[in-house]
Amino acid sequence: MENAEEAREARVRLPQLRLDELLEELQARLDAARGTRDRVHSLLEAVLSVGRELDLEQALHSIVEAAAALVDAEYAALGVIGPDGERLSAFHTVGVSDEQIARIGPYPEGHGILGELIRRPEPLRLAKLSDHPASYGFPAHHPPMNSFLGVPIRVRDHVFGNLYLTEKRGGQQFDEDDESVLATLAVAAGVAIDNARLYEESRLRERWLQVNAEITHTLMSGADQGGVLPLIAERAREITGSALSVVAMPVRGTDTLAVELAVGQEADAWRGVVLPAEGTLIGQAFVQRASVNSPDLARDARLSAGLPRFEGLGPAVAVPIGSGDDVRGVVLLVRQSGGHEFSEKETEPLEVFAAQAAVAMELAERRADAEQIALLEDRDRIARDLHDLAIQRLFATGMTLQSADRFIQHEGASDRVQRAVNDLDETIKIIRSTIFGLRSREDDAAPGLRSRAVRAVGEATPLLGFAPSVRMEGLLDTHVPAETTDHVLAVLTESLANIARHARADRADVVLETDGKEVRLTVTDNGVGIPAGGRRSGLTNMAERARKLGGDMELENPAGGGARLLWHAPLGRSADDVGPAS
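Only a predicted model underlies this, so the values are computations on that prediction, with no experimental measurement involved.

Engineer: For the sheet that holds strand β15 (residues 552–556), give the residues involved together with the corresponding values.
Structural biologist: If you trace the eleven strands from one edge of the open sheet to the other, you get β9-β10-β11-β6-β7-β8-β12-β13-β14-β16-β15, paired in mixed fashion. Among the strands making up the open sheet, the edge pair consists of β9 (292–294) and β15. Across this sheet, the average inter-strand angle for adjacent strands is 20°, counted without regard to direction. With respect to the sheet, helix α8 (residues 281–288) is in contact with β6 (244–250), β7 (256–264), β8 (273–276), β9, β10 (313–323) and β11 (326–336), its orientation differing from that of β11 by roughly 145°. Helix-sheet contacts for helix α13 (residues 482–503) involve β13 (508–514), β14 (518–525) and β16 (563–570), and the interaxial angle to β14 is about 10°.

Engineer: Describe the side chain of H92, naming the residues involved and giving the relevant values.
Structural biologist: With respect to the helices, strands and loops of the structure, H92 is situated in strand β2 (residues 88–94). Owing to a relative accessible area of 13%, H92 belongs among the buried residues under this scheme. If we skip the residues at most four places from it in the chain, H92 touches E57, L60, V64, A76, A77, L78 and V80.

Engineer: How would you summarise α13 if you had to cite specific residues and measurements?
Structural biologist: When the terminal C-alpha atoms of α13 are compared, their 30 Å separation across 22 residues agrees well with the 32 Å that a helix rising 1.5 Å per residue should span. Immediately downstream of α13, the backbone of R504 shows phi near 55°, a positive value.

Engineer: Break down the packing of helix α11 (residues 449–464) against α13 for me, citing the residues and quoting the values.
Structural biologist: Each pair of packed helices can be summarised by the angle the axes make with each other and by the distance between the axes. Following both chains from N to C, one finds α11 and α13 inclined at 15°, their axes separated by 10 Å at the closest point. It follows that α11 is roughly parallel to α13 by the angle criterion. Handedness of the α11/α13 crossing: right-handed. Here L449, R452, A453, A456, V457, A460, L463 and L464 of α11 lie close against α13, whose contacting residues are T485, D486, V488, L489, L492, T493, L496, I499 and A500. Here the residues of the contact of α11 with α13 sort into 13 nonpolar, two polar and two charged.

Engineer: Go over unusual backbone geometry, please, and point to the residues and values.
Structural biologist: At E266, a position not held by glycine, the phi torsion is positive, near 60°. Looking at where E266 falls in the secondary structure, it is placed in the loop between β7 and α7 (267–270). The phi dihedral of R289 falls on the positive side, at around 55°, and the residue is not glycine. Along the chain, R289 turns up in the loop between α8 and β9.

Engineer: So what's going on with the packing of aromatic side chains? Which residues, and what values?
Structural biologist: Here a ring pair, both rings aromatic, is described through the centre-centre distance and the interplanar angle of the planes. Tallied over the full model, the rule gives one aromatic pair. The ring of F342 carries the charged tip of R335 above its face, separated from the ring centre by 4.0 Å.

Engineer: Pulling in residues and values, what's your account of the pattern of salt bridges?
Structural biologist: Going through the model one piece at a time under the given rule, you end up with 15 salt bridges. Between R235 and E238 there is a salt bridge, with its nearest N and O atoms 3.8 Å apart. Within this pair, R235 and its partner E238 are both found in helix α6 (residues 225–240), separated by three residues, close to a single helical turn. Judged by relative accessible area, R235 falls into the partly exposed class, the value being 22%. Residues participating in the shared-partner salt-bridge network are E513, D515, E518 and R520.

Engineer: Lay out the nonpolar core in plain terms, naming residues and giving numbers.
Structural biologist: L492, L496, L512 and W567 are the most contacted members of the largest nonpolar core, which totals 39 residues. Residue assignment for this core shows that the elements contributing at least two residues are α11, β12 (469–473), α13, β13, β14, α14 (537–548) and β16. When sequence neighbours within four positions are dropped, the list of residues in contact with L512 reads L449, A453, R471, M472, E473, L476, V488, V519, R520 and L521. With 29 residues, the next largest nonpolar core counts V64, V71, V151 and L185 among its residues.

Engineer: Quick rundown of the side chain of T522? Include the residues and the values.
Structural biologist: The residue T522 is located in strand β14 in this model. Not counting chain neighbours up to four residues away, the residues in contact with T522 comprise D509, V510, V511, R564, L565 and L566.

Engineer: Could you give an account of the pairing of β8, with specific residues and numbers?
Structural biologist: With three bridges joining them, β7 and β8 adopt antiparallel strand pairing. Looking across to β8, one finds that T256 is bridged to P276.

Engineer: Give a description of the environment of A569 that names residues and reports values.
Structural biologist: Among the secondary structure elements, A569 is positioned in strand β16. A569 sits 24 residues away from R545 along the chain, and the two C-alpha atoms are 9.0 Å apart. If we ignore the near neighbours within four places in the chain, the residues touching A569 are E518, V519, L549 and G551.

Rules used in this analysis
Residues numbered from 1 in each chain as written. Predicted model: local features only at pLDDT ≥ 70, side-chain atom pairs only at ≥ 80, totals over all residues. Heavy atoms only, no water. Pairing = 2+ DSSP bridges. Helix = DSSP H or I, 4+ residues; strand = E, 2+ residues; numbered from the N terminus. Axes fitted to C-alpha atoms, helices over the stretch in contact; angles between N-to-C directions. Contact = heavy atoms within 4.5 Å. Buried < 20%, exposed > 50% of the residue type's maximum accessible area, 1.4 Å probe, protein only. Expected span 1.5 Å × (residues − 1). Parallel < 35°, antiparallel > 145°, perpendicular 65-115°, else oblique. Left-handed = near helix turned anticlockwise from the far one by under 90°. Nonpolar A, V, L, I, M, F, W, Y, C, P; charged D, E, K, R; others polar. Phe/Tyr/Trp six-rings, centres within 6.5 Å; stacked < 30°, edge-to-face > 60°. Lys NZ or Arg CZ within 6 Å of the ring centre and 35° of its normal. Salt bridge = Lys/Arg side-chain N within 4 Å of Asp/Glu carboxyl O. Core = buried A, V, L, I, M, F, W, Y, C linked by side-chain atoms within 4.5 Å.

If you want it as C-alpha cells, here you go:
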C-alpha cells in the first residue's frame, strides 16, 4: 500500500520538474531575446547619434563613446591613420583622464598591437594582449589592459582608422556578438566620417571663395599690392590653422626673394629676410612654380642660414602666388610643432586661392597701367598745347614788342619794353623745360637700393667663402634718395671686403632698414673682432660718408665675439645741405 502511494507521488513530481526546466529555459531565451533587442536598440541609437554629427572631431569622439558603451569596455580609442598609411596621425580616447594622458606621454604612433591592425585591417579579438607576438608592453603610468577587441573603420573602401576596445567590464571576455556589434558600428562610423569630411570640405571651399572675393574687392577698390599682401597672409593662416604665415616677393634683378611681411608665431624673425632662390623652401616653390611641403620646418635643411631653428614650428607648405610663368611671389604657411602635415586636399584649394590672388593683383596692375597711360596721354596733350599755342603766342608777342621798340623815343619806355621781351624769353624757356618734364618718362628698369644691396652681397660671397644673411625692412627704394643709396652701397661693399680680408669669419649678417626718417645699415660677423691698433683708413672713410649726410657710424665688439658696424644717416638731406664734414 505504501509502495503504491510513493509511486503515485513520484509520477506527480516528474512532470512538475520538467515543467520548471522548460519554464527556466523559456525565461533564459526571453532574457536573451530581450538583451538582443536592447542591444540592437542601443546599436541603432548609437548609429543615429554618430550620424547626426557634422563636425569631424566631434563625430570621432562620439564614435569612441558609442563603441565603449555598446561592448561595455572600460577603455576605448580611435586611431586615425596618417597620410603615409603606416602611422597614426591622431588619437581619440575614452576612459583615460587628462592627468593620466599627461603622465603617460605622447600618443602612440601605431606600433605593437595597434600597428597590427594597420598592417592587417581586419577584426582582432584577444583574451590577453600580452600573449600576442606583436605586443611589447605599455609605457610607464599606463593603466593595465588585458582583453582586447579592435576593428577597422573604412571610408569609401579606404581604411580611415581603427577602433580599439580594452578591458570588458566584470572581468569578462569580448565575444563574437561584441565583434559583430562593433563591426556594424564601424560601418556606420565610416558613413558618418565621410559625411563630416564632405561637409568640412564644402565649408572650406566656401571660406576660400569668400576670401578671394574679399581680396578682389580690396584690389579693385584702389588698394595697392602692399595693402593686399597682409590680407592674403592673414586669411591663409586663419583658414589653414597655421601658426605662421609668410609672404616673400622676388627682388628685381636678382635671384633672391625678400620677405615682405610675416604674421603669427616667430614673425619678427622673418620680416625683411632675403632668401636665395636656390636651396631654400620658399625659393624652391618659386623656381619650380609648384607647392613644396616640409614635414618639420625646424629641422629642414632648406631653412635659410639667416634664420634661427624654430623649435615651436613644425609642418609647412610653400605655395607660389600665381601659376605657370607668371609667379609673383610665395606664401609660406607653418603649423605648430606636432601639428599634422599639409595634405593634398588642403594644398589644392590653397593653390587655387594663391592663383586667383595673383590674377586679382594682375588686374589691379593693368588698371593702374591704364590710369598711368591716360595720365601720360593727358600730359602729352598739355605739352603739345603749350608748345603749339602758348609758346607761339608768346614768341609772336615778343616779336611785336621788339618791332614796336624801334618807334619808342622815350628811353625809359624803351628799357621797359626790352625787359618785357627778356621776360618773355625766360617764360618761353620755363615753358619748354616744363614741356620736357611732361614728356619725360621715369626709367622703371633702374635698380633700387634693395636689388643693388642684394647684388653687392652676392658679389662679395666668393670673397667671403660663404653667403651672408640679408634682412631688409622699410620702403628702401622709395624713401632713400639716390645720393644716400650710393653711400650705403659703398659702405656695405667696404664692410664685407673688410670681413673677407681681416675677420676670419664664417658667418655675416646684413640688416638694411629705414623708417622714412633715417636709413640704417648693420653688418655683423663672428670673426676675430676689430683690433685696437689696427689700420682704420677704410673705417674712417665709411664714417666720413655718414657725417657728410648728417649721420654717424659706431663700431662694437659683441660679447659673443666678432664685430658689429652700425652706419646710419638721416633721409631728406644731402652732402650739399650739410656742408663739409668737420
